[in-house]
Amino acid sequence: MKSCKSPDPNPIKPREILPPGACDAHCHVFGPGSIFPYGPNRKYTPEDAPFEKLMALHDWLGISRAVIVQASCHGTDNRAMLDAIARSEGRYLGVAMVNGDESDAELERLHTGGVRGVRFNFVQHLGGAPDLPRFFSVLHRVKDLGWHVVLHLDAQDIVTYSDVISKIDIPFIIDHMGRAKTASGLEQKPFQQLLHLMRDNPFAWVKVSGSERISAGVRPFNDAIPFARALIETAPDRVLWGTDWPHPNISNDMPNDGELVNLMLDFCEDEHMRRKLLVENPVRLYGFAPVEA
């Protein structure tokens, strides 16, 4: 079973102070495995990355809020995420993974615990697309809770599953800029399809995260800047940003999370737009309390 690299233990201090209410909209907690065991069918085994380390990182970077996204190594056992949300004193919310067999009472329990969405993996290295009837059944059931769905796709999946995506009738988020590889250029069909989706579908959101996943190079992953800028310009009210800490399954250089904040400052230079990206858009989608300008 594949093991993951450790995150950089020495993030630099970002060069600017982030606005109050700034949200890391994509991060994870892993374990500790002695308390929250990893799933038996997982495709990789991470190092423990518990709540305490995530909170310390956010305090160092100046991040006020976060959304913890359930990762496949824990499967549908959402306890580590729920524990972190409960201990965060209102700073964290979450996105769960479910199998579709949950009772209405269990979904309500997840909502009470701070869950605001569900995530489905389509990427091949994590097992490929879910059962689509079950996928749509889950979306129908969580609609009344006001949840959204997170789609973790490979770039080509944006084209392959375009008809499926068009049938989604709740807000949905495309992770990591659609994983469109920078080496294939801005004109590549999957990225152009993503831009089209962001222009024309009011349910569509995208995370300008994962620069290290789409980059053809090494730190600080500047080749991702044009992709992030294009998405921000196309749908400024439906973009989010996140660190993706602790960066599972990285094949490029392991990013430095302070450098990732600086990279975000580079691709979102306008202060008004940066407030939308980090504060206002997360408030609107996740339901965090508004922050006064």
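Check the entry above for the structure.
Residues numbered from 1 in each chain as written. Predicted model: local features only at pLDDT ≥ 70, side-chain atom pairs only at ≥ 80, totals over all residues. Heavy atoms only, no water.

Participant: Got a sec to walk through helix H7 (residues 189–200)? Specific residues and values, please.
Facilitator: End to end, H7 covers 16 Å across twelve residues, agreeing with the expected 16 Å (1.5 Å per residue, within 8%). Buried within H7 we find Pro190, Phe191, Leu194, Leu195, Leu197 and Met198. All buried residues of H7 fall inside an arc of 160 degrees around its axis, so they share one side. In the core, the buried residues of H7 are packed alongside helix H5 (157–160), helix H6 (162–166), strand S8 (172–174), strand S9 (204–207) and helix H9 (225–234). (Helix = DSSP H or I, 4+ residues; strand = E, 2+ residues; numbered from the N terminus. Expected span 1.5 Å × (residues − 1). Buried < 20%, exposed > 50% of the residue type's maximum accessible area, 1.4 Å probe, protein only. Arc of directions from axis to C-beta. Contact = heavy atoms within 4.5 Å.)

Participant: With reference to specific residues and values, describe the pattern of salt bridges.
Facilitator: This structure, assessed with the given rule, holds 19 salt bridges. For Asp175, the salt bridge is made with Lys207, and the minimal N-O distance between the two is 3.0 Å. A residue pair is termed long-range when its members are at least 10 positions apart, and Asp175 in the loop between S8 and H7 and Lys207 in strand S9 qualify at 32 residues. (Salt bridge = Lys/Arg side-chain N within 4 Å of Asp/Glu carboxyl O.)

Participant: Give a detailed account of empty space enclosed by the protein, specifying residues and quantitative values.
Facilitator: Applying the stated criterion across every chain yields a total of four cavities of 30 Å³ or more. The calculated volume of the second largest cavity comes to roughly 50 Å³. Around the second largest cavity, the lining residues are Val208, Ser209, Gly210, Ser211, Glu212, Trp241, Gly242, Thr243, Leu260, Leu263, Met264 and Phe267. Put simply, the parts of the chain that give the lining of the second largest cavity at least two residues each are helix H8 (211–214) and helix H10 (257–267). Looking at the lining of the second largest cavity element by element, the count peaks at four residues for H10. (1 Å grid on protein atoms, 1.4 Å probe; cavity = no way out; pocket = protein on both sides within 12 Å on 5 of 7 lines; lining within 4 Å. Points joined across faces, edges and corners; volume = space filled by probe spheres on them.)

Participant: How would you summarise the packing of H9 against H10 if you had to cite specific residues and measurements?
Facilitator: The interhelical angle for the contact between H9 and H10, taken along N-to-C directions, is 55 degrees, at an axis separation of 9 Å. In terms of axis orientation, H9 runs oblique to H10. Seen along the crossing, H9 lies across H10 with a hand that is right-handed. Counted together, Ile225, Ala228, Arg229 and Ile232 of H9 and Leu263, Asp266 and Phe267 of H10 form the full contact between these two elements. Split into classes, the residues belonging to the contact of H9 with H10 amount to five nonpolar, no polar and two charged. (Axes fitted to C-alpha atoms, helices over the stretch in contact; angles between N-to-C directions. Parallel < 35°, antiparallel > 145°, perpendicular 65-115°, else oblique. Left-handed = near helix turned anticlockwise from the far one by under 90°. Nonpolar A, V, L, I, M, F, W, Y, C, P; charged D, E, K, R; others polar.)

Participant: Give me unusual backbone geometry: which residues, what numbers.
Facilitator: In this structure, the amide linkage connecting Gly31 to the following residue, Pro32, adopts the cis form with an omega of 5 degrees. Positionally, Pro32 belongs in the loop between strand S2 (23–27) and strand S3 (44–45). Of the consecutive residues Trp245 and Pro246, the connecting peptide bond is found in the cis state with omega at 0 degrees. When you line up the elements, Pro246 lands in the loop between strand S10 (239–240) and H10. Unlike most non-glycine residues, Phe221 shows phi in positive territory, near 65 degrees. Structurally, the position occupied by Phe221 is in the loop between H8 and H9. Judged by relative accessible area, which is 1%, Phe221 ranks as buried. A positive phi angle, near 70 degrees, is found at Asp244, a position not held by glycine. Relative to the helices and strands, Asp244 is located in the loop between S10 and H10. Overall, the relative accessible area of 1% leaves Asp244 in the buried class.

It is worth stressing that arrangement in space is one thing and function is another; only the former is reported here.
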